[in-house]
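Descriptive analysis of the structure
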Amino acid sequence: MNLALTVFYVLAAVTVLSALITAFSRNIVYSAFALFGSFAGVAGIYILLGADFLFIIQIFIYIGGILVVTIFAVMLTQAIADVNVSNRVVGMFPAFMVIAVVGAVMLYALTHTSWPHGPGATLVPTTYGIGNAFLGPYALPFEVASIVLLAALVGAIVISRQAARE
Amino acid sequence: MSSGPTLTHFLVLGLILFLLGSYCALTRRNAIGILLGIELILNAANVNYVAFAFFSPVAKYDGQVFAIFVIMLAAAEAVIGLAIILAIYQNLRTIDVSANETLRD
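Residues numbered from 1 in each chain as written. Chains lettered and ligands numbered in written order. Predicted model: local features only at pLDDT ≥ 70, side-chain atom pairs only at ≥ 80, totals over all residues. Heavy atoms only, no water.

Some words on the overall build of chain A
The test is simple: Numbered from the N terminus, helices here are DSSP runs of H or I no shorter than four residues, and strands are runs of E no shorter than two. The cut-offs for exposure are 20% and 50% of the maximum accessible area for each residue type, with area from a 1.4 Å probe on protein chains only; residues under the lower value are buried, those over the upper are exposed, and the others partly exposed. Throughout, a residue-residue contact means that at least one pair of heavy atoms, one from each residue, lies within 4.5 Å. Per-residue accessibility takes into account occlusion by the displayed protein chains alone, with areas from the Shrake-Rupley method and a 1.4 Å probe.
Each helix and strand in chain A was counted, giving 7 helices and 0 strands. Each helix (α) and strand (β) of chain A, taken in turn from the N terminus, gives the series α-α-α-α-α-α-α. A buried classification covers 37% of the 166 residues belonging to chain A. If you take every contact in chain A between residues at least 6 apart in sequence, the share linking residues at least 24 apart comes to 58%. Looking at chain A as shown, the accessible area adds up to about 9,500 Å², and 77% of this sits on carbon and sulfur atoms.

Here it is as structure tokens:
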């Protein structure tokens, strides 16, 4: 077993164990904090796949932004330590059935498809190529994304102002 | 990278993350718990995008560009979702999605 495979299994174990805690913990605080391990493991996977810019983006936006805002919201809402209030779980059996069927179909599909498969990219800095892609073929989606972010910003302010006024 | 992790390794990791996120989003009655599950699903999609971009013989950066778009939409979704959750909590004093049936009546 070579080094890359060992690193992959360690990162995958961190990611999957944290995701297990997120999915099955009875306390919403544990779920939110376990998501940190999952995001960090995925960031390591990005490094393994040679995506250095995405690694930094993952750290900045997911761990520094989304996770902090989520934990902030968890702390702001009521009775977080009370399991029956904070993290009630219903419909476990139907959910198990659904994810078992979906998982079996997807596992069959991904093991029985011959993906177009190169040997794997060489590890070079990706910032230059991503920047060229954003200003070249992806210029229009890039501009639309900025409008989406502006709409989200204004929408969040409007919603929370209405909440504060009442 | 001859005996390193193959494309299937990363796809199976993405599948496991997606299933755990789906389970979390399906069974939680806490609205924030549902958002956590959706974040896991989006991360699984990103793992697949970047893995395909790495192993693709032609497209070098397209997968990573799409992953950046997914991360951007995840951030916008988290901000709007949490703003709505806090507004609901201010009005109804609960974020249990089974209890919030005001819109239905």
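Description of the confidence of the model for chain A
Applied cut-off: Note on scores: pLDDT gives the predictor's confidence for each residue, bounded by 0 and 100.
For chain A, mean pLDDT is 84; residues scoring 70 or higher make up 88% of the total. Within chain A, helix α1 (residues 3-24) of chain A carries the highest mean pLDDT (91), whereas helix α4 (residues 83-86) of chain A carries the lowest (54).

Here we look at the interface of chain A and chain B
Counted only if it meets this: Buried area, as used here, totals the accessible surface that two parts lose on assembly, with accessibility defined by a 1.4 Å probe and the loss added over both. By definition, a salt bridge exists where a carboxyl oxygen of Asp or Glu is found within 4 Å of a side-chain nitrogen of Lys or Arg. Within 3.5 Å is the distance limit for a polar contact, defined as a pair of N or O atoms, with the added protein rule that one can donate a hydrogen and the other accept it, and that residues adjacent in sequence qualify only through two side-chain atoms. Lys, Arg, Asp and Glu make up the charged group, whereas Ala, Val, Leu, Ile, Met, Phe, Trp, Tyr, Cys and Pro make up the nonpolar group; the residues left over, Gly among them, are polar.
Each partner contributes residues to the interface: chain A has 83 residues there, and chain B has 70 residues. Note on chain A versus chain B: buried area summed over both sides is about 6,800 Å², and carbon and sulfur give 77% of it. Linking chain A with chain B are 0 salt bridges, by the criterion used here. Inspection of the chain A/chain B interface yields 7 residue pairs in polar contact (both at pLDDT 80 or more). Those elements giving two or more residues to the side of chain A that touches chain B turn out to be α1, α2 (28-48), α3 (52-76), α5 (92-111), α6 (127-135) and α7 (139-165) of chain A. Residues that form the side of chain A that touches chain B fall into these classes: 60 nonpolar, 21 polar and 2 charged.

Some remarks on the packing of helix α1 (residues 7-27) of chain B against helix α2 (residues 31-55) of chain B
Residue and element names in this part refer to chain B. What counts here: Where helices are involved, their axes are fitted lines through C-alpha atoms of the stretch in contact, as for all axes, and angles between N-to-C directions lie from 0 to 180°. Roughly parallel means an angle under 35 degrees; roughly antiparallel means over 145; roughly perpendicular covers 65 to 115; every other angle is labelled oblique. Helix crossings get a hand from a simple test, with the near helix turned counterclockwise from the far one by less than a right angle marking a left-handed crossing and a clockwise turn marking a right-handed one.
Direction vectors running N to C along α1 and α2 enclose 165°, while the axes themselves pass 7 Å from each other. The angle between α1 and α2 falls in the class roughly antiparallel. At the point where α1 passes α2, the crossing takes the left-handed sense. Contact residues: α1 offers Leu7, Phe10, Leu11, Gly14, Leu17, Phe18, Leu20, Gly21, Ser22, Cys24 and Ala25, while α2 offers Gly33, Ile34, Gly37, Leu40, Ile41, Ala44, Val47, Asn48, Ala51, Phe52 and Phe55. Tallied by class, residues from the contact of α1 with α2 come to 16 nonpolar, 6 polar and no charged.

Details of the nonpolar core
Applicable threshold: For our purposes a nonpolar core is just a set of buried Ala, Val, Leu, Ile, Met, Phe, Trp, Tyr and Cys residues, chained together by side-chain atoms within 4.5 Å.
Judged by nonpolar contacts, the single largest core of 69 residues is most densely connected at A:Ile45, A:Leu49, A:Leu54 and B:Phe10. Among the elements of the structure, α1, α2, α3, α5 and α6 of chain A together with α1, α2 and α3 (62-92) of chain B are those that each provide at least two residues to this core. Discounting residues that sit within four places of it in the chain, A:Leu49 has contacts with B:Phe10, B:Val47, B:Val50, B:Ala51, B:Phe54 and B:Phe55.

Regarding α3(B)
Test applied: The length a helix should cover is 1.5 Å for every residue beyond the first.
With 31 residues, α3(B) ought to run about 45 Å at 1.5 Å a step, and its terminal C-alpha atoms sit 44 Å apart, in line with that. Following α3(B) by one or two positions, B:Arg93 adopts a phi angle in the positive range, close to 65°.

Section: the packing of α3(A) against α2(B)
Each pair of packed helices gets described by two things: the angle between the helix axes and the distance between those axes. Where α3(A) meets α2(B), the axes come as close as 11 Å, and the angle between the chain directions of the two elements is 175°. Put simply, α3(A) runs roughly antiparallel to α2(B). From α3(A), A:Leu54, A:Gln58, A:Tyr62, A:Ile66, A:Thr70, A:Ala73 and A:Val74 reach across to α2(B), where they touch B:Ile32, B:Leu36, B:Glu39, B:Leu42, B:Asn43, B:Asn46 and B:Val50. Counted by class, the contact of α3(A) with α2(B) contains 9 nonpolar, 4 polar and 1 charged residues.

Some words on the packing of aromatic side chains
Keep this limit in mind: Side-chain rings of Phe, Tyr and Trp, where Trp is taken by its six-membered ring, are said to pair if the distance between their centres is within 6.5 Å; with planes under 30 degrees apart they count as stacked, over 60 as edge-to-face, and otherwise as tilted.
Per the stated rule, a full pass over the model turns up 12 aromatic pairs over all chains. Plain terms: the ring middles of B:Phe10 and B:Phe55 are 6.1 Å apart, the flat faces sit at 45° to each other, and that makes the pair tilted. In this pair, B:Phe10 is assigned in helix α1 and B:Phe55 in helix α2, connecting sequence segments 45 residues apart. Each member of the pair, B:Phe10 as well as B:Phe55, is classed as buried. Among the aromatic residues, ring-to-ring pairing joins A:Phe8, A:Tyr9, B:Phe10, B:Phe54 and B:Phe55 into one connected group.

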